[in-house]
Amino acid sequence: MASAPQLPLFYNGLEPLSSETHANYRVRPQDTAPYLVGQHAIPVTVDEFPLVQRHMPIVFSIGDDAIPLALMGLNEGTNVFVDDAGKLTETAFYVPAYIRRYPYMLARLRPDAEELSLCFDPTSETIGAFDDGEPLFENGQPSELTKQILGFNETFEQAGQRTQQFMRELREADLLMDGEVTIQMDGNDQPFVYRGFQMVNEEKLSGLRGDQLRKMSQSGMLPLLYAHLFSLSLMREIFAKQAQRGQAPQPQLQPAL
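Residues numbered from 1 in each chain as written. Predicted model: local features only at pLDDT ≥ 70, side-chain atom pairs only at ≥ 80, totals over all residues. Heavy atoms only, no water.

Enquirer: Hey, could you run me through the overall build of the chain in this one?
Expert: In terms of regular secondary structure, the chain is built from 7 helices and 16 strands. A principal-axis box enclosing the C-alpha atoms of the chain has dimensions of 65 × 50 × 35 Å. Counting over 257 residues, the chain shows a buried share of 44%. Taking the contacts inside the chain whose residues are at least 6 apart along the sequence as the reference set, 72% of them involve residues at least 24 apart. For the chain, the exposed area adds up to about 14,000 Å²; of that, 47% sits on carbon and sulfur atoms. Where the 20 positive side-chain charges of the chain centre and where its 34 negative ones centre are 5 Å apart. (Helix = DSSP H or I, 4+ residues; strand = E, 2+ residues; numbered from the N terminus. Buried < 20%, exposed > 50% of the residue type's maximum accessible area, 1.4 Å probe, protein only. Contact = heavy atoms within 4.5 Å. Areas by Shrake-Rupley, 256 points an atom, 1.4 Å probe, with all protein chains shown as cover. Lys, Arg positive; Asp, Glu negative; His and termini not counted. Charge placed at Lys NZ, Arg CZ, Asp CG, Glu CD.)

Enquirer: Quick question: what am I supposed to make of the sheet that holds strand β2 (residues 26-27) here?
Expert: Neighbouring strands of a sheet are bound in pairs by backbone hydrogen bonds; such pairs are parallel or else antiparallel. Here 3 strands make up an open sheet; going across it, the order is β8-β2-β9 and the pairing antiparallel. Strands at the two margins of the open sheet, each flanked by one partner only, are β8 (127-128) and β9 (134-135). Two elements, β2 and β9, share 2 bridges in a ladder whose sense is antiparallel. Bridge pairing in β9 places Val27 opposite Glu134. (Pairing = 2+ DSSP bridges.)

Enquirer: Would you take a moment to explain unusual backbone geometry for this structure?
Expert: Glycine aside, residues mostly have negative phi angles, and peptide bonds mostly take the trans form. Backbone torsion omega between Tyr102 and Pro103 reads 10 degrees, so that peptide bond is classified as cis. Summarising the element assignment, Pro103 is placed in the loop between α2 (97-101) and β6 (104-107). Positive phi, close to 55 degrees, is recorded for Asn139, a residue that is not glycine. Position of Asn139 relative to the elements: it lies in the loop between β10 (137-138) and β11 (141-142). Phi at Asp174 takes a positive value of approximately 55 degrees, unusual for a residue other than glycine. Mapped onto the elements, Asp174 comes out in the loop between α3 (144-172) and β12 (176-178).

Right, dumping it as structure tokens:
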């Protein structure tokens, strides 16, 4: 079992899936995700930018190892897209792959291991030795469901590698800057100012040489940058949803991440 401090968001533990140890394990579908309640920032891959930008703002975390994040709320502890039980409150909403991956993930069982193994969070209520649900193994072999889970996780890992390359190129081009969004709410004298995230410097982007822009366009990077920039307008919509739910903060400097 991995120790909790090393685990990514949502995960309380990691256990390798085994045809021997988990021969009678089954998966029960759930229409709620309690682990989403209060989670306002979710990692996303660049493959998802075109879909995410229609529903949520895409920003970048602060620090040298910045990653893309979809904001499901502007303030820590708020998620405007799920109810108190973790059930989605909107239809036709794009759920990021990071959320759909849970409780599974590919991980190295040892630091020196080359191969990644399919693991799961043993504290999840969706997987266990249940009487009902879909089996993970049949006659000692991975079931069709397990093959699909493995395939999804492999695709996610590949998207993660493309995202790392995207972030490297973004840093090399020196296009990231500290972000700031100011929202004025009717009836309030003081605006709400959100910082604590990074965004693409649009002025620097438009000032790039023609050959640099052409290279970004050909690699597919340029449309992703604009998907991020266009998505930032959704911050005001997220703020309005928070206000409707009575979760609007006090007018002062707000850390968005």
